[in-house]
Amino acid sequence: MRKHIIRTLSLTLFLAAASVSAQAGDTYRNPVIKQSAPDPTIIRANDGYFYLYATENVHNVPIYRSADMVDWKFVGTAFTDATRPQWNPKGNIWAPDINYINGKYVLYYAKSEWGGEWTCGIGVATADKPEGPFTDHGSLFISKDIGVQNSIDEFFIRDNGHNYLFWGSFRGIYGIELTDDGLKVKPGAEKRQVAGTFMEATYIHKHDGYYYLFGSAGSCCEGNKSTYRVTYGRSKNLFGPYVDKKGRSLMDNHYETLIRGNEQVAGPGHNAEIITDDNGSDWITYHGFSRSDPGAGRLVWMDRVEWIDGWPHVAGNQPSEVAEKPVFNQILLADPTIFADNGTYYLYGTSAPDGFKVYTSKDLRHWEGPAGASQGLALKKGDSWGTEGFWAPQVFKRGGKYYMVYTANEQLAIAEADSPLGPFKQKKLAMIPAKGKEIDPFIFFDDDGKNYIYHVRLNNGNRIYVAELNKDLKSMKEKTAREILHAGSGWEDTAKAEWTVSEGPTVVKIDGTYYLFYSCNDFRNPDYAVGVATSKSPLGPFEKMKEPIISRRLIGINGTGHGDLFKDADGDWAYVFHTHRSDTEATPRKTAVVKLKLGNHGFRIVEGSFRYLRTGE
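Residues numbered from 1 in each chain as written. Predicted model: local features only at pLDDT ≥ 70, side-chain atom pairs only at ≥ 80, totals over all residues. Heavy atoms only, no water.

Chemist: Outline the environment of Lys246, supporting the account with residue identities and numerical values.
Modeler: The residue Lys246 is located in the loop between strand S16 (229–235) and strand S17 (256–259) in this model. A relative accessible area of 67% places Lys246 in the exposed class. Between the C-alpha atom of Lys246 and that of Glu273, which follows or precedes it by 27 residues, the distance is 25 Å. (Helix = DSSP H or I, 4+ residues; strand = E, 2+ residues; numbered from the N terminus. Buried < 20%, exposed > 50% of the residue type's maximum accessible area, 1.4 Å probe, protein only.)

Chemist: Quick one: what's the story with the pairing of strand S4 (residues 62–66), residue by residue and with numbers?
Modeler: With 4 of 5 residues buried, S4 is to be regarded as a mostly interior element. Strand direction decides the pairing type here: strand S3 (residues 50–53) and S4, joined by 4 bridges, are antiparallel. Within the sheet, the bridge partner assigned to Tyr53 lies in S4 and is Ile63. Both S4 and strand S5 (residues 73–77) contribute to a ladder of 4 bridges, which runs antiparallel. Pairing of Ile63 across the sheet is with Gly76, part of S5. (Pairing = 2+ DSSP bridges.)

Chemist: Which residues make up the nonpolar core, and what values do they have?
Modeler: Ranked by size, the top nonpolar core spans 34 residues in total, and within it Ile204 and Leu238 carry the most contacts. Take this core: its biggest share by element is 5 residues, from strand S15 (residues 210–217). When residues no more than four places from it in sequence are discounted, the contact partners of Leu238 are Ile157, Asp159, Tyr164, Phe166, Ile204 and Tyr211. (Core = buried A, V, L, I, M, F, W, Y, C linked by side-chain atoms within 4.5 Å. Contact = heavy atoms within 4.5 Å.)

Chemist: Quick rundown of the sheet that holds strand S31 (residues 411–417)? Include the residues and the values.
Modeler: Judged by pairing direction, the sheet is antiparallel, and its 3 strands sit side by side in the order S29-S30-S31 without closing on themselves. Only two strands of the sheet have a single partner each, and these edge strands are strand S29 (391–398) and S31. The average undirected angle you get between the axes of adjacent strands in this sheet is 20°. For strand S30 (residues 401–408) and S31, the ladder comprises 7 bridges, and the chain directions are antiparallel. Its bridge partner lying in S31, Tyr403 is registered against Glu416. (Axes fitted to C-alpha atoms, helices over the stretch in contact; angles between N-to-C directions.)

Chemist: Tell me about the packing of aromatic side chains, and please be specific about residues and values.
Modeler: Inspection of the entire model under this criterion finds 37 aromatic pairs. Ring geometry for Phe141 versus Trp167: centroids 4.6 Å apart, planes at 50°, classification tilted. Here Trp167 lies in strand S11 (residues 162–167) and Phe141 lies in strand S9 (residues 135–142), a separation of 26 residues in the sequence. You can call Phe141 buried: its relative accessible area is 6%. Seen in terms of ring centroids, Tyr164 and Phe239 are 5.5 Å apart; in terms of plane orientation they differ by 75°. Their pairing is edge-to-face. Taken together, the residues Tyr164 in strand S11 and Phe239 in the loop between S16 and S17 connect sequence positions 75 residues apart. For Phe239, a relative accessible area of 15% puts it in the buried group. Members of the aromatic cluster, joined through ring pairs, are Tyr515, Phe517, Trp573, Tyr575, Phe577, Phe603, Phe610 and Tyr612. (Phe/Tyr/Trp six-rings, centres within 6.5 Å; stacked < 30°, edge-to-face > 60°.)

Structure representation (structure tokens):
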């Protein structure tokens, strides 16, 4: 249950100490937020920042922002006195849960007062931006109507295309299906119990085929006397049965303990979402009392979660004092492309389910963003053609306008904007007409005035085609279309796959020769690599170099491929591309760059030029 803590901190004090944590170097020291922020929930927003929301020890629900999960700044509140939810007027706002659903930031919350176990309930509010302002949509349900005593501590999860809400506090943990927009209980849906009466603060995390049900047991809010601890069990199914390591059911109040108190921290519990950093490490954030100053309230702590034999583990099962920082500043774009304009480099790539992020730099080293005009996105779903599968953009400038050609729904489309930051839009939502599935477009403007679109057709493999593009840039001359390259044996098909892959075309013309850069092998294959083929005509035939110019053997990193060629401010050639995240995981893919040199034997990597692209360097 959520008592209002002993010391209530005013908004004025928070504004006076807007920087709540300042930690330097490769390590951090707990707590990461040194003011009371109970029951935290965290989301990484489209602008690249993390946002944390907490029970309202700061009136109207405090919001904090961080670039690295360590240094947090107070940025305001989700509500004002004027916009504050009015249902259950005596209730305080507890245990928020933040999500991004259908282009909106959706904040679920509990509204309750101490002892009001039948009048409390769960509400929902939405905003266009993570910092608000949030508009309240009222209650989803209250305890007496849903038939669950103490209906607080909600958690949203989307699973297999459906939305669900889980909730409860020491009276059983329940789940129910929501509508597609997440704003109401789905008509006809029935609640189902998944855990017993030992816990509250529900959170479900999916990892390697299992659902892990986290919660908190014990007393949350009694300072140094608090017995709160983070608990868990797991199941193969979202609705259970959840069991402990011995196979005993959480419905019978069995559980494992992930984090318990120690000499420094009392009552660690009510964890936020597990966040995975750019190196693949998982991090859990939760509240707890500092034993040296329990009157300061429930501060925010963070620790790394390791997975051992299929179960989560925190070192010593207790909060740490000092630990290595998570890594979050790497740019995670697949299929990247760099477009230079008026002294600024613009970096785009496959990045979001609903569009394309863009980052900016003046020198290719110091990157900022996401900087797109639509919540960090240069192109956002709804402004142009496509509903899913936004892949492999290319940006160019013609006649004072900026254009983006891209893949969506395994088809090609092109949108325009007045700025490289977007928003890229279409007056009429339409794809480039096609007879089959097509991906990975690259438009090339030849010096003879003709336009060509290189792309991949899914036809008994991923095969690279070229066709003339009409002057209006809205359709191709299908009669000119021809296949110019498909994967062969050797380095191009190390898995000896039935469906071979050649993709990611980029073309440049130098001294009368057309150089076609392409990638082969499935992108999940560690041997994904970049090759080059040459021709005296944009329509081919193209002759391949025998070996790739960028590969795992040359770079020492898995999955090196699908990028774009460009020239830097010094006139040197460079190639931006993606790699696997680690030796064991392909995604999310990391963005890298190498310098290239053109010699008598074609393009070669400049030794020592490989580096990953990061923000904030």
